[in-house]
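# Structural description and commentary
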Amino acid sequence: MTHQLTDLLDIARAAVQLGTRVLKTTAVQHVTAKGPKDVVTDLDLRIEQQILTFLKEQTPDIGRYSEEAGGDPARPRQRWVLDPIDGTVNLVHALPLYGVSLALTDGVRPLLGVISLPTLHRTYWGALNLGAWCNSQPIAPSSATNLAEAMISMGDYGTGDDADERNHVAVALHAALAPAAGKVRMLGSAAVDLAFVADGTLDASITLGNRDWDMAAGVAIARAAGANVTDTDGTPHNLSSRTTIVTAPGLTGAVLHTLRQATDGTTYP
């Protein structure tokens, strides 16, 4: 299993490198609205096609699912999960926090992840029981234990049918974190958030959602690096979790306590 996972990690890194090359050398030509406060560009579609084609050639027996192209909605035993550009709105606005995010899942949890952040010249990767790296250097979460000194990222406000409910919780959480945490940030990319917790740049990340293409790669990397990854109630995170709470080990209790306070002790949503 370990040898096979190592081989698949190499394939994932090669796939993400294809997308990174496009992001570095090609400008956005077309931006199309695809929903409330959400867009897709021609680069999303181009990168997606290239990576999915490569993965099909390299691993024809493994399923594939991507944010734009979709795929089999069921979660087979093994499936690649791709976000061709995580943080597309950041890209469109020339905010340099975006990247390519690819994970391999087993139907229950992410097994490995690769995230490339080309404007920051960083590529992260990690896998179950193998560890995590950034640009070939091992990474680990921060040693923070004091919430009052911690820097915490929050996921974007929600869109879609349950947006009002999710955003009500998000506003309450911001109000609870403001006096309790050192700093609160909203960076606009789940891949960036989770990679930054994995390498200790951030001390925690809270996302009131768990879409596979957004979270799977970052969850795999953060967990492989040694961060705690849970649902709101503190149970281990998996693909069916409602939220994605990623923390330095010394902050898990304090972050979950603050989240419970903000939601009156109930589990989101």
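Higher on the page you've got the structure.
The text that follows walks through the structure, step by step, so that each part is easy to find. (Residues numbered from 1 in each chain as written. Predicted model: local features only at pLDDT ≥ 70, side-chain atom pairs only at ≥ 80, totals over all residues. Heavy atoms only, no water.)

### Digging into the environment of Asp38
Just so we agree on the cut-off: Each helix is a run of H or I in the DSSP string that is no shorter than four residues. Each strand is a run of E no shorter than two, and both are numbered from the N terminus. By definition in these notes, contact holds between two residues if any of their heavy atoms fall within 4.5 Å.
Here Asp38 lies in strand S2 (residues 38–41). In contact with Asp38, other than residues within four places in its own chain, are Thr32, Ala33 and Glu67.

### Considerations on the packing of aromatic side chains
Cut-off, in case you're wondering: Side-chain rings of Phe, Tyr and Trp, where Trp is taken by its six-membered ring, are said to pair if the distance between their centres is within 6.5 Å; with planes under 30 degrees apart they count as stacked, over 60 as edge-to-face, and otherwise as tilted. Partly exposed residues are those whose accessible area sits between 20% and 50% of the maximum for their type, while under 20% is buried and over 50% is exposed, using a 1.4 Å probe and protein chains only. Placement of a positive charge over a ring is assigned whenever Lys NZ or Arg CZ falls within 6 Å of the ring centre and within 35 degrees of the normal to the ring plane.
In the structure shown here, the tally under the stated rule is two aromatic pairs. Judged by centre distance (6.2 Å) and plane angle (25°), the ring pair of Tyr65 and Trp213 falls under stacked. Taken together, the residues span a long stretch of sequence, with Tyr65 in strand S3 (residues 63–66) and Trp213 in helix H6 (residues 212–225) at a distance of 148 residues. For the pair Tyr65 and Trp213, a shared accessibility class is recorded, and that class is buried. A centroid spacing of 6.4 Å and a plane angle of 25° characterise the contact between Trp125 and Trp133, whose relative ring orientation is stacked. Accessibility expressed as a relative area gives 22% for Trp133, which makes it partly exposed. Lying across the ring of Trp125, Arg13 places its NZ or CZ 3.7 Å from the centre.

### Here we look at the environment of Ile51
As for its position among the elements, Ile51 is in helix H2 (residues 42–58). Its relative accessible area of 0% is what places Ile51 among the buried residues. Through-space distance from the C-alpha of Ile51 to that of Ser66 is 9.9 Å; in sequence the pair is 15 residues apart. Excluding residues within four positions of it along the chain, Ile51 makes contact with Ala15, Val16, Gly19, Leu82 and Val100.

### Here we look at unusual backbone geometry
For residues other than glycine, phi is negative in most cases, and the peptide bonds are mostly trans. A positive phi angle is found at His121, which is not glycine, with a value near 55°. One can find His121 in the loop between strand S7 (110–117) and strand S8 (122–127). Although it is not a glycine, Ser136 sits at a positive phi angle of roughly 75°. Along the chain, Ser136 falls in the loop between strand S9 (131–134) and strand S10 (137–138). Among the residues examined, Ser136 registers a relative accessible area of 48% and is labelled partly exposed.

### Observations regarding the sheet that holds strand S6 (residues 99–105)
Rule in force here: Strands were regarded as paired on the criterion that DSSP finds at least two bridges between them. The axes are straight lines fitted to the C-alpha atoms, using for helices just the contacting stretch, and the angles between their N-to-C directions are given from 0 to 180°.
Reading across the sheet, the eight strands line up as S4-S3-S5-S6-S7-S8-S9-S10 and stay open at both edges, with mixed pairing between neighbours. The strands lining the two open edges of the sheet, one partner per strand, are strand S4 (70–71) and S10. When S7 meets S8, the two strands line up antiparallel, connected through six bridges. Each residue of the ladder has a partner; that of Val114, found in S8, is Trp125. Seen against the sheet, helix H5 (residues 190–198) touches strand S5 (79–86), S6, S7 and S8 and runs at an angle of roughly 105° to S7.

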